[in-house]
Amino acid sequence: MGRNTRTGIMIVVAASGVAAGRALVGAGRRHSRRSVTATGAGRWQVVTVNRPPAEVLPGGLWPEPLRRLDGAVEVQVGTAPGARGTELAARLRADGPPLPGLAAHLLGDDPALLVRRALRQVKQLAETGEVLRADVGPPDRPGDGGGFLPEVP
Amino acid sequence: MRALCWVGGDGLAVREVPEPRLRNTQDAIVRVSRSATCGADLPLLSPGDAGLGVGDVLGHEFLGEVVEVGPEVRRHRVGDRVVVCSVVSCGRCWYCRRGLYSCCDNGGSTEPMVAEPPWGEPAGGCYGHPRSAGGFAGSHAEYVRVPYADVGAFPVPDAVSDDRAVFASDAAPTGWLGADLGGVGPGDVVAVWGAGAVGQLTALAALLRGAERVIVVDRHDERLRMAERDIGVETLHYGRTDIPAELRERTGGRGPDVCVEAAGAGDGGTEARGFGQRLLGGARPTGSSLAVREAVHACRKGGTVAVLGAGPGFVDAFPLGAVLHKGLTVRGARQHGQRYIPMLLKLMARDEIRAERLATHRLPLEEGPRGYALFRERADGCVRVVFSPQERAG
Ligand SMILES: NC(=O)c1ccc[n+]([C@@H]2O[C@H](COP(=O)([O-])OP(=O)(O)OC[C@H]3O[C@@H](n4cnc5c(N)ncnc54)[C@H](O)[C@@H]3O)[C@@H](O)[C@H]2O)c1
Ligand SMILES: [Zn+2]
Ligand SMILES: [Zn+2]
């Protein structure tokens, strides 16, 4: 592999399940038709999941809650270096449909947060089996987060 | 149930709050028998720190009895006496697998908006801390919910009393971490800034790991006397001594091999805890940041400076050149208790760590506000206040 490849083979996966078949080197993620801002829509949001790709995407299918964003995001998955598991990347599609109604309303102009939250939950589910919940706060304070995505039961 | 809550400003009050419920399948509920104050609580109570919400329960160092377990809890049963690591970690992410439990990817908040702003990365959670640490209620209460109970709770051997074992939750593993970060071993000269419970347990850890000399720095005479008497270390009063000069003199002109900062918030000052506070001013370096600066100046060439203080967020005028020219290693961490607690409990069972002497004040929960006042003022020789939430004031 060339000097510029950071992450080995990245596979673009379609929500329908099977890897779309187009293998990209990691550097492929750098190019975007959208303008890229720090957390902006054009940037890939990435988490490293300490499980092998086959467990992160069982049967090649997008895991929940990422699946709920089908059509709105594109996803790449690759093997992390140094036996660190899987690099799972997602970003909003330039030509995608609008976000699911409530999410769009809550997120305002930073939809990348929705993607980050979904990735964090995928990671937690794969690593620990559940999404950790906060305690119910005192009455003066809201309980569990902003709820960008419905909680995974 | 009764719990000691933050009620705004530096105010604390004992309030009735709902009992905790199991929220995840790997949770346990613990009936708290001991819960201690910690230097890390003090910055949360300083004016202008917006981290806690009104009504949040304080406390993160505790021990108690398991009264309920979630369906996925394997290692604990109802009735077990457990000490719980103050840091909430999943045990299965890449960091946990490498023993870096406080760097856990999954133990804090899952909300990117909440977890990432403080330092850009999510980290392990903590009880009785702001939401970025996961939103877990504190242990100064009759009951507390323990997430990832198999990872964070440890059975206490019969030979170890509640009063001793509660220190295995936070202060003892933090002290051990300080010595471990410095790689302390036989023949080393170690200097420790801060003679609170964490500093004293750092000094003891250094001795247990074979350090030849340990020198503890503080300005509270009672704490310094305690370290001399109970641990057998040398002490220096930073109000009366030029610390770097004195350390050089005592170490053949070299400086200590390992310098550990275990200084809490300094007396009277406030550290900049966030970027905003730093920009707006109103913060001046105290405790931890002064101690780290001094440690960098004092440390021998090629030595290690370990940073334990959780207070400051931003520190300017840092002697970066000394790090380079002296070839120093500067390390820091929140404690990785899951790595050390079983071993510390064994040392406690063998009377090698008699930490209960640090509990200078034992109070019922109702006396929480008074306990924190004593602790903050270091009044009446206070080093740690330990609450017994099951006992009623009377
Ligand atoms: N890394 C972790 O996981 C972790 C865990 C627990 C506590 N802590 C931190 O460890 C520190 C100590 O905790 P503690 O409970 O013993 O606190 P404490 O407040 O009881 O004691 C701190 C001591 O440091 C002394 N001090 C302040 N400025 C000093 C200076 N410039 N030089 C020398 N001594 C100085 C104070 O006089 C005080 O005696 C705190 O900052 C706390 O936040 C870190
Ligand atoms: Zn503590
Ligand atoms: Zn973890």
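Keep in mind that what you see is a predicted model, and the values were worked out from it rather than measured.

A. Examining the site of ligand 1 more closely. Residue and element names in this part refer to chain B. Lining the immediate environment of ligand 1, one finds 30 residues, of which Asp-218, Arg-223, Gln-335, Arg-378 and Arg-384 sit closest. At 3.0 Å, a backbone N or O of Leu-308 approaches a nitrogen atom of ligand 1. At 2.8 Å from an oxygen atom of ligand 1 is found a side-chain nitrogen or oxygen belonging to Arg-384. For the shell around ligand 1, the domains that each give at least three residues are domain 1 (2-170 + 335-388) and domain 2 (175-332).

B. Quick look at the nonpolar core. Residue and element names in this part refer to chain B. Phe-167, Val-190, Leu-201, Val-214, Leu-345 and Met-348 are the most contacted members of the largest nonpolar core, which totals 54 residues. Among the elements that line this core, the one with the most residues is helix H6 (residues 197-208), at 7 residues. Formed jointly, this core draws a minimum of three residues from each of two domains, domain 1 (2-170 + 335-388) and domain 2 (175-332). Those residues in contact with Met-348, other than ones at most four positions away along the chain, are Val-160, Arg-164, Ala-165, Phe-167, Ala-168, Ala-172, Ile-353 and Ala-355. Ranked by size, the runner-up nonpolar core spans 23 residues in total, among them Ala-28, Val-30, Val-84 and Ala-149.

C. A look at the interface of chain A and chain B. Across the boundary between the two partners, chain A contributes 26 residues, which contact 34 residues of chain B. Area buried by chain A at its contact with chain B is led by A:Arg120, A:Leu132 and A:Asp135, which between them contribute 25% of it. Counting across the interface, chain A meets chain B through 3 salt bridges. Among the salt bridges present, the one from B:Arg145 reaches A:Asp135, with a minimum N-O distance of 2.9 Å. Across the contact surface, chain A and chain B share 19 residue pairs in polar contact (both at pLDDT 80 or more). For the side of chain A that touches chain B, a count of residues per class yields 7 nonpolar, 7 polar and 12 charged.

D. Here's a closer look at the sheet that holds strand S10 (residues 189-193) of chain B. Residues and elements named next belong to chain B. One open sheet holds the 6 strands; their spatial order is S12-S11-S10-S13-S14-S15, and the pairing between them is parallel. The open sheet has two edge strands with one neighbour each: strand S12 (234-237) and strand S15 (329-332). Adjacent strand axes in the sheet meet at a mean angle of 20 degrees, parallel and antiparallel pairs treated alike.

E. Quick peek at the coordination of the zinc ion (ligand 2). Residues and elements named next belong to chain B. Taken together, Cys-38 (SG), His-60 (NE2), Glu-61 (OE) and Asp-170 (OD) make up the protein donors of the zinc ion (ligand 2), found 2.0 to 2.3 Å from the metal. The coordination sphere of the zinc ion (ligand 2) comprises 4 donor atoms, whose angles at the metal cover 78 to 128 degrees; the geometry is irregular. In the primary sequence, the donor residues of the zinc ion (ligand 2) line up as C-x21-H-E-x108-D. With Cys-38 in the loop between strand S3 (28-36) and strand S4 (61-69) and His-60 in the loop between S3 and S4, this pair connects stretches of sequence that are 22 residues apart.

F. Expanded view of the coordination of the zinc ion (ligand 3). Residues and elements named next belong to chain B. Taken together, Cys-90 (SG), Cys-93 (SG), Cys-96 (SG) and Cys-104 (SG) make up the protein donors of the zinc ion (ligand 3), found 2.3 to 2.5 Å from the metal. Of note is the zinc ion (ligand 3), whose 4 donor atoms meet at the metal with angles of 101 to 119 degrees in an arrangement that counts as tetrahedral. Considered as a linear motif, the donors of the zinc ion (ligand 3) on their single chain read C-x2-C-x2-C-x7-C. Taken as a pair, Cys-93 in the loop between strand S6 (87-88) and helix H1 (94-97) and Cys-104 in the loop between H1 and helix H2 (112-115) lie far apart in primary sequence, 11 residues in all.

G. Seen up close, the side chain of B:Asn24. Topologically, B:Asn24 is positioned in the loop between strand S2 (12-16) and S3. Beyond its immediate sequence surroundings of up to four residues, B:Asn24 is in contact with A:Glu130, A:Val131, A:Leu132, A:Arg133 and B:Arg145.

H. Structural detail: the packing of aromatic side chains. All names here are of chain B. Applying the stated criterion across every chain, the model contains 4 aromatic pairs over all chains. Centroid distance Tyr-372 to Phe-387: 6.2 Å. Interplanar angle 25 degrees. Geometry classified as stacked. Of this pair, Tyr-372 sits in helix H13 (residues 368-377) while Phe-387 sits in strand S17 (residues 384-388), and the two are 15 residues apart along the sequence. For the pair Tyr-372 and Phe-387, one class covers both residues: buried. Of the aromatic side chains, those joined through ring pairs into one cluster are Phe-62, Tyr-127 and Phe-136. The ring of Phe-375 carries the charged tip of Arg-378 above its face, separated from the ring centre by 5.7 Å.

I. Structural view of helix H3 (residues 112-128) of chain A. Residue and element names in this part refer to chain A. Under the 1.5 Å per step criterion, the end-to-end length of H3 is 24 Å for 17 residues, consistent within 8% with the ideal 24 Å. Most of H3 is tucked away, with 15 of its 17 residues classed as buried. Positive backbone phi, at 90 degrees, marks Gly-129, one or two positions downstream of H3.

Definitions and limits used
- Residues numbered from 1 in each chain as written.
- Chains lettered and ligands numbered in written order.
- Predicted model: local features only at pLDDT ≥ 70, side-chain atom pairs only at ≥ 80, totals over all residues.
- Heavy atoms only, no water.
- Near = heavy atom within 4 Å.
- Polar contact = N/O pair within 3.5 Å; in protein donor to acceptor, adjacent residues only side chain to side chain.
- Domains from an automatic or database assignment.
- Core = buried A, V, L, I, M, F, W, Y, C linked by side-chain atoms within 4.5 Å.
- Buried < 20%, exposed > 50% of the residue type's maximum accessible area, 1.4 Å probe, protein only.
- Helix = DSSP H or I, 4+ residues; strand = E, 2+ residues; numbered from the N terminus.
- Contact = heavy atoms within 4.5 Å.
- Buried area = accessible area lost by both parts, 1.4 Å probe.
- Salt bridge = Lys/Arg side-chain N within 4 Å of Asp/Glu carboxyl O.
- Nonpolar A, V, L, I, M, F, W, Y, C, P; charged D, E, K, R; others polar.
- Pairing = 2+ DSSP bridges.
- Axes fitted to C-alpha atoms, helices over the stretch in contact; angles between N-to-C directions.
- Donors = N, O, S within 2.8 Å, 3.2 Å for Na, K, Ca; no water.
- Tetrahedral: all angles 85-135°; square planar, octahedral: opposite > 155°, others 65-115°.
- Phe/Tyr/Trp six-rings, centres within 6.5 Å; stacked < 30°, edge-to-face > 60°.
- Lys NZ or Arg CZ within 6 Å of the ring centre and 35° of its normal.
- Expected span 1.5 Å × (residues − 1).

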